[in-house]
Amino acid sequence: MRFLRPAPRSTAMADINVTPLIDVMLCLLVVFLIAAPALASRIPLDVPGRSPDTQDELVEPLKIRVLASGQITIGQQVMAATDAEPALLVQWREAPKRGLALAVEPDASFDTLAQVLGSARNVGFRKIGFVGANDQATAR
């Protein structure tokens, strides 16, 4: 007689749980509501272009070496770091587009380096590059 009794309803449900889908869609909606105005507003920039017919003259950078003794060398001349600004001014007046190539010894004082950088900025040098022990001076 067991065969005549109906079987209990224990079949799996075939419905999809849409709650995670709704959560993801709401998060995306909020993100796009916040991001859309930021993407729509643009900041106007006037970036100067480079004209193809004018080329900058390649000028060899001025080589400065900061020594561990607290002195510096500008070219072949050894001097104290406090005397750097007048010497840099003379060099800058000769070639204002010239760059600096700074080489710093490993045991050199940071204060000496900061003083040389400040002097170079005060004089008008804007192209300053650091050179390692084995690198070539290229501050263009």
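Before any of the text, the structure's been laid out above.
Notes on the structure follow. Note that the structure is a prediction, hence the values are computed from the model and not measured.

Details of the pattern of salt bridges
As enumerated under the stated definition, the model contains two salt bridges in all. Measuring nitrogen to oxygen at the nearest pair gives 3.7 Å for the salt bridge that ties K63 to E60. A salt bridge links E105 to R65; the shortest N-O distance between them is 3.8 Å. On the criterion of sequence distance, the pair formed by E105 in the loop between β4 (100-104) and α3 (110-123) and R65 in strand β1 (residues 62-66) is long-range, its members being 40 residues apart. For R65, a relative accessible area of 35% corresponds to the partly exposed category.

Considerations on the pairing of strand β3 (residues 77-80)
Of the strand pairs in this sheet, strand β2 (residues 71-74) and β3 are connected by four bridges, and their pairing is antiparallel. Note that in β3 the partner of I72 across the bridge is M79. Counting the residues between successive antiparallel strands, the hairpin from β2 to β3 contains two residues, one of them, G75, with a positive phi of roughly 70°.

Focus on the sheet that holds β4
Note on sheets: strands pair through backbone hydrogen bonds, and any given pair is parallel or antiparallel. The mixed open sheet is built from five strands, whose spatial order is β3-β2-β1-β4-β5. Whereas interior strands pair on both sides, the edge strands pair on one side only; in this sheet they are β3 and β5 (128-131). Between one strand axis and the next, the sheet turns through 25° on average, direction left out of account. The pairing of β1 with β4 spans five bridges and is parallel. Note that in β4 the partner of K63 across the bridge is A101. Against the sheet, helix α2 (residues 84-94) contacts β1, β2, β3 and β4, and its axis sits at roughly 10° relative to β2.

Thresholds, definitions, all that
- Residues numbered from 1 in each chain as written.
- Predicted model: local features only at pLDDT ≥ 70, side-chain atom pairs only at ≥ 80, totals over all residues.
- Heavy atoms only, no water.
- Salt bridge = Lys/Arg side-chain N within 4 Å of Asp/Glu carboxyl O.
- Helix = DSSP H or I, 4+ residues; strand = E, 2+ residues; numbered from the N terminus.
- Buried < 20%, exposed > 50% of the residue type's maximum accessible area, 1.4 Å probe, protein only.
- Pairing = 2+ DSSP bridges.
- Axes fitted to C-alpha atoms, helices over the stretch in contact; angles between N-to-C directions.
- Contact = heavy atoms within 4.5 Å.

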